[in-house]
Amino acid sequence: MAYKFFRLLVFTLLILSVGCSVKRKSMTVSIPTNVDEKIIPLTIGTYTIGTSEGIYNADFNTETGEISGLELLAKVEEPTFLALSKNKEKVYAVSEMDNGKLSVFNRQKDGSYELIQEIATEGSTTVHVALNQDESLVSVANYRLGSITVYRLDADKLSRITSFKHTGSSVHFRQKVPHPHSTYFSQDERYIYVPDLGTDEIISYPIIDGMPTVGKVAIKMTPGDGPRHMAAHPTRNLWYVVGEISSVVWTLLPKADGTFEVIDKQNLLPEGIKGRSTAADIHISPNGEYLYTSNRGHQDGYHCISIFKILDSGKLKHQAYVTEGINQPRNFCFSPDGKFLLVANQYGNNIIVFDVKADGMLALTSHSIDISMPACLKF
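Residues numbered from 1 in each chain as written. Predicted model: local features only at pLDDT ≥ 70, side-chain atom pairs only at ≥ 80, totals over all residues. Heavy atoms only, no water.

**Q** Would you take a moment to explain the confidence of the model for the protein chain for this structure?
**A** Interpreting fine coordinate detail is not advised for predicted regions of low pLDDT. Across the protein chain, pLDDT averages 91, with 91% of residues at or above 70. Across residues 1–35 the pLDDT falls below 50, and counting only partners more than four positions away or on other chains, this stretch makes zero contacts in the model. (pLDDT = per-residue confidence, 0-100. Contact = heavy atoms within 4.5 Å.)

Shown next as structure tokens:
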């Protein structure tokens, strides 16, 4: 009897032991899920005149700043600027070619991207694409032809609704004709703002009943500045504009009539810099406290990221120039939480990662990834 009791006790303990092991194993299996939540996709547009073939994806670790797992998402010519839908299911890519085009890709269940539409932009050298908040309107800038084109998205398909041709010129040898370089929807969605590098103007196009209408000059900038890109402050009624040719940044207050009031203007380069340097990109930290611009030194100039503190007045106070690791920084972006800043080095053929400090300063990390001629970064 005692022997039977002993066998029963051993069998019971064995079952409990196995049960505990299974439980521990299931808890262990759940750990990678938490790790995966730290990994988010980074979508990359490139110039394909090198070895790149189109749009790429990489995995970005939001805790460490590591970039890994580079893979080709879609083969397309010269996708130098991208826009992502809010749900990240669509990628809009403009091709910077003589015959500009806009390609739309849909994310499939297996994670691949399928081309669902390719549409002519009615322009040459299409360099920028933007979406309004509800993603019903899509606008593109045609740099060489000097025009913008606007599309409506309906039933998952784009249709052209209007185009506008710019006129004018300015003082620099690159400003003999208009060169719209980007398009932006105003924060209240009443206007489309278009910086024109060729005419030193920002044109504002009123949106009436969902239709962009004939625009007007919102502001005339200093001759030779060459406005390229804009950035809206995340919480304040302010816009910042980078001038490519003269490497400057303007602080602008938008008015209800679509025009701007000048608040401030700052230089982006140290005094005495020699050689050709041109500004490229501009972004504001997610907390709204700091502004950053990129400057390209070409062959004999000065490559850097310029950092500014945004004052209560909206004016800028220069903080630092960052040059370490920088080589023709065409585009850059913040990680969604603002902890890291990623720079696309067009001629460096890589993407590098900076740690963003509490005071807005940048510290280069050891994380980078090689890719031929990166041009646009989007989370």
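**Q** Is there a simple way to think about the environment of Asp-257 in this case?
**A** With respect to the element layout, Asp-257 can be found in the loop between strand S19 (248–254) and strand S20 (260–267). For the pair formed by Asp-257 and Ala-218, sequence separation is 39 residues and the distance between their alpha carbons is 8.8 Å. Excluding anything up to four places from it in sequence, Asp-257 contacts Tyr-191 and Lys-216. In this structure the side chain of Asp-257 is engaged in a polar contact, spanning 2.6 Å, whose partner is the side chain of Thr-259. (Helix = DSSP H or I, 4+ residues; strand = E, 2+ residues; numbered from the N terminus. Polar contact = N/O pair within 3.5 Å; in protein donor to acceptor, adjacent residues only side chain to side chain.)

**Q** Where do I start with the side chain of Glu-135 in this structure?
**A** Within the fold, Glu-135 resides in the loop between strand S8 (126–131) and strand S9 (137–142). A polar atom in the side chain of Glu-135 sits 2.7 Å from the backbone nitrogen of Lys-86. Other than its neighbours up to four places away in sequence, Glu-135 contacts Ser-85, Lys-86 and Leu-153.

**Q** So what exactly am I meant to see when it comes to the sheet that holds strand S22 (residues 290–296) here?
**A** Pairing between the strands of a sheet is mediated by backbone hydrogen bonds and can be parallel or antiparallel. Spatially, S21-S22-S23-S24 is the arrangement adopted by the four strands of the open sheet, whose pairing is antiparallel. A single partner strand is all that each edge strand has here, and the edge strands are strand S21 (278–284) and strand S24 (316–322). Within this sheet the neighbouring strands show an average axis-to-axis angle of 25°, counted without direction. Where strand S23 (residues 304–310) and S24 come together, six bridges link them in antiparallel fashion. Within the sheet, the bridge partner assigned to Lys-309 lies in S24 and is Lys-317. (Pairing = 2+ DSSP bridges. Axes fitted to C-alpha atoms, helices over the stretch in contact; angles between N-to-C directions.)

**Q** Is there a simple way to explain the pairing of strand S25 (residues 329–334) in this structure?
**A** Two faces, one strand: in a regular strand the side chains alternate between the faces of the sheet. Within S25, six of the six residues are buried, which leaves it mostly tucked inside the rest of the structure. Pairing of S25 with strand S26 (residues 340–345) involves five bridges; the strand directions are antiparallel. Across the sheet, Asn-331 pairs through a bridge with Ala-344, a residue of S26. Taken together, S25 and the strand that follows it, S26, pair antiparallel across an intervening segment of five residues, in which Gly-338 is found at a positive phi of about 80°. (Buried < 20%, exposed > 50% of the residue type's maximum accessible area, 1.4 Å probe, protein only.)

**Q** Is there a simple way to explain the pattern of salt bridges in this structure?
**A** Where side chains of opposite charge bring their charged atoms close, a pairing between them can arise. Going through the model one piece at a time under the given rule, you end up with 14 salt bridges. Residue Arg-160 pairs with Glu-122 through a salt bridge whose shortest N-O separation is 2.8 Å. Remark: Glu-122 occurs in the loop between strand S7 (113–120) and S8 and Arg-160 occurs in strand S11 (residues 157–165); sequence separation between them is 38 residues. According to the relative accessible area criterion, Arg-160 is partly exposed, its value standing at 40%. (Salt bridge = Lys/Arg side-chain N within 4 Å of Asp/Glu carboxyl O.)

**Q** Whenever I open this one, the sheet that holds strand S28 (residues 362–370) confuses me. Can you help?
**A** Spatially, four strands are ordered S25-S26-S27-S28 in an open sheet, and the strand pairing comes out antiparallel. In the strand order of this sheet, the two ends are held by S25 and S28, each with one partner. Sheet twist, expressed as the average angle between the axes of neighbouring strands with direction ignored, equals 25°. Sheet analysis places S26 next to strand S27 (residues 350–356), joined by six bridges and oriented antiparallel. Counted as the bridge partner of Leu-342 is Val-353 from S27.

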